[in-house]
Amino acid sequence: MIAYLKGTVLEAAEDRVILVCGGVGYEIAIPVSAAQELVQGAEAAFYVAESISPYDGTVLYGFAHKEDKELWYLFKTAIPNTGPKKALEYLNKALRSVADFHHAIISRDPKILTGIFGFTAKTAEKLIQSLKDKMDSVSIQGETKIKVAGEMPQMSGVLEALSALGYSAGESRRALEKLQSQGIKPTEKLENIVKEALRVLTK
């Protein structure tokens, strides 16, 4: 079983790479965030997991960090009806901020999962039910980027209000990240946060 590969990047796309190791080229499915770091002709290394299906044969999945591989494996094994491809889709979203994703699951806040990470409401509930007692087994990378729950309890309400006004999850996430970088007070009233978010969105 292949567990780790280190070699030269021959080709790289949004979600995969061909890595040449010892004269052999391995096609590896990888998270979008990992693909963005690759440079053709440069050296790269991945923790690897193999998956065998009757349709695609053997598929290699690669991860820049051991913790990413652990989270992908948790998605694949703990969430019902989730294969390796779907687990990689979930990982792509969670890697926006693993610390915030962990917080959203532990605090059982589906609005953060829909508003910040872009999961559907149905998937958010499934993630919470499947992972709420298992997330502590995964190593958490980095610090939280989004003020959630205890720091800004009204954040879920802001996300819900923006969604009701027709803004997408991605638009809402970018607006809230902008407000956070501008130092908005965690104790600010919900109405004021929504107003400021709309100011950012309509610029």
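A. Local environment of the overall build of the protein. Scanning the protein from N- to C-terminus turns up 9 helices and 5 strands. Reading the secondary structure of the protein in the N-to-C direction produces β-β-β-α-β-β-α-α-α-α-α-α-α-α. When its C-alpha atoms are laid out on the principal axes, the protein stretches across 60 × 35 × 30 Å. Sorting the 203 residues of the protein into buried and exposed places 38% on the buried side. Considering only contacts within the protein whose residues lie at least 6 apart along the sequence, 56% involve residues at least 24 apart. When the accessible area of the protein is evaluated, it comes to approximately 11000 Å², of which 50% is carbon and sulfur surface.

B. Molecular detail of the sheet that holds strand S5 (residues 57-63). Ordered in space as S1-S2-S3-S5-S4, the 5 strands form a closed barrel in which the pairing is mixed. Each adjacent strand pair in this sheet contributes to an overall mean axis angle of 55 degrees, direction not counted. As paired strands, strand S4 (residues 43-53) and S5 are joined by 7 bridges and run antiparallel to one another. Across the sheet, residue Ala49 finds its bridge partner in S5, namely Tyr61. In this fold helix H2 (residues 66-78) packs onto S4 and S5, with an angle of close to 20 degrees to the strand it touches most, S4.

C. Quick peek at the pairing of strand S2 (residues 16-21). Of the two faces of S2, the one lined by Val17, Leu19 and Cys21 is fully buried and the one lined by Arg16, Ile18 and Val20 carries no buried residue. Hairpin remark: strand S1 (residues 4-12) followed by S2, antiparallel, with 3 residues in the connecting loop. Of the strand pairs in this sheet, S2 and strand S3 (residues 24-29) are connected by 6 bridges, and their pairing is antiparallel. When the bridges of S3 are listed, Cys21 appears paired with Val24.

D. Quick peek at helix H6 (residues 121-131). Among the residues making up H6, those that are buried are Thr123, Ala124, Leu127, Ile128, Ser130 and Leu131. The inward-facing, buried residues of H6 contact H2, helix H3 (84-94), helix H4 (98-106) and helix H5 (110-115).

E. View of H2. Compared with the 18 Å implied by 1.5 Å per residue over 13 residues, the 18 Å span of H2 between its first and last C-alpha is a close match. The set of residues buried in H2 consists of Asp68, Leu71, Trp72, Leu74, Phe75 and Ala78. For H2, the angular spread of the buried residues around the axis is 155 degrees, confining them to a single face. Buried-residue contacts for H2 involve S4, S5, H3, H4 and H6.

F. Region of interest: the packing of H2 against H3. One can describe the packing of H2 onto H3 by two numbers: an axis separation of 8 Å at closest approach and a directional angle of 125 degrees. As the angle between them shows, H2 and H3 are arranged oblique. In terms of crossing hand, the pair formed by H2 and H3 is right-handed. Contacts from Asp68, Leu71, Trp72, Phe75 and Lys76 in H2 reach Pro84, Ala87, Leu88, Tyr90, Leu91 and Ala94 in H3. The residue inventory of the contact of H2 with H3, partitioned by class, reads 9 nonpolar, no polar and 2 charged.

Parameters at a glance
The residue numbers shown here count from 1 along each chain, following its written sequence. Note on the predicted model: pLDDT of at least 70 is required for a residue's local features to be given, and 80 or more for side-chain atom pairs to be given and counted; whole-chain, interface and lining totals, by contrast, use all residues. Remark: hydrogens and water are excluded; side-chain values derive from all non-hydrogen atoms of the structure. Starting at the N terminus, helices and strands are each numbered in turn, a helix being any DSSP run of H or I of at least four residues and a strand any DSSP run of E of at least two. Think of it in three bands: with a 1.4 Å probe and only protein chains considered, a residue is buried below 20% of the maximum accessible area for its type, exposed above 50%, and partly exposed in between. Whether two residues are in contact is decided by their heavy atoms: any pair within 4.5 Å suffices. Per-residue accessibility takes into account occlusion by the displayed protein chains alone, with areas from the Shrake-Rupley method and a 1.4 Å probe. Strands were regarded as paired on the criterion that DSSP finds at least two bridges between them. Whenever a helix is involved, its axis is fitted only over the stretch in contact; in every case the axis is a line through C-alpha atoms, and angles between N-to-C directions fall within 0 to 180 degrees. Every helix has an expected span of 1.5 Å times one less than the residues it contains. For this quantity, the arc is that covered by the directions from the helix axis to the C-beta atoms. The scheme is simple: roughly parallel for angles under 35 degrees, roughly antiparallel for over 145, roughly perpendicular for 65 to 115, oblique for anything else. Put simply, a crossing is left-handed when the front helix is turned counterclockwise from the back one by less than a right angle, and right-handed when it is turned clockwise. Under the convention adopted here, Pro, Cys and the residues Ala, Val, Leu, Ile, Met, Phe, Trp and Tyr are nonpolar, Asp, Glu, Lys and Arg are charged, and Gly plus all remaining residues are polar.

Treat this as a map of the structure, not an account of what it does.
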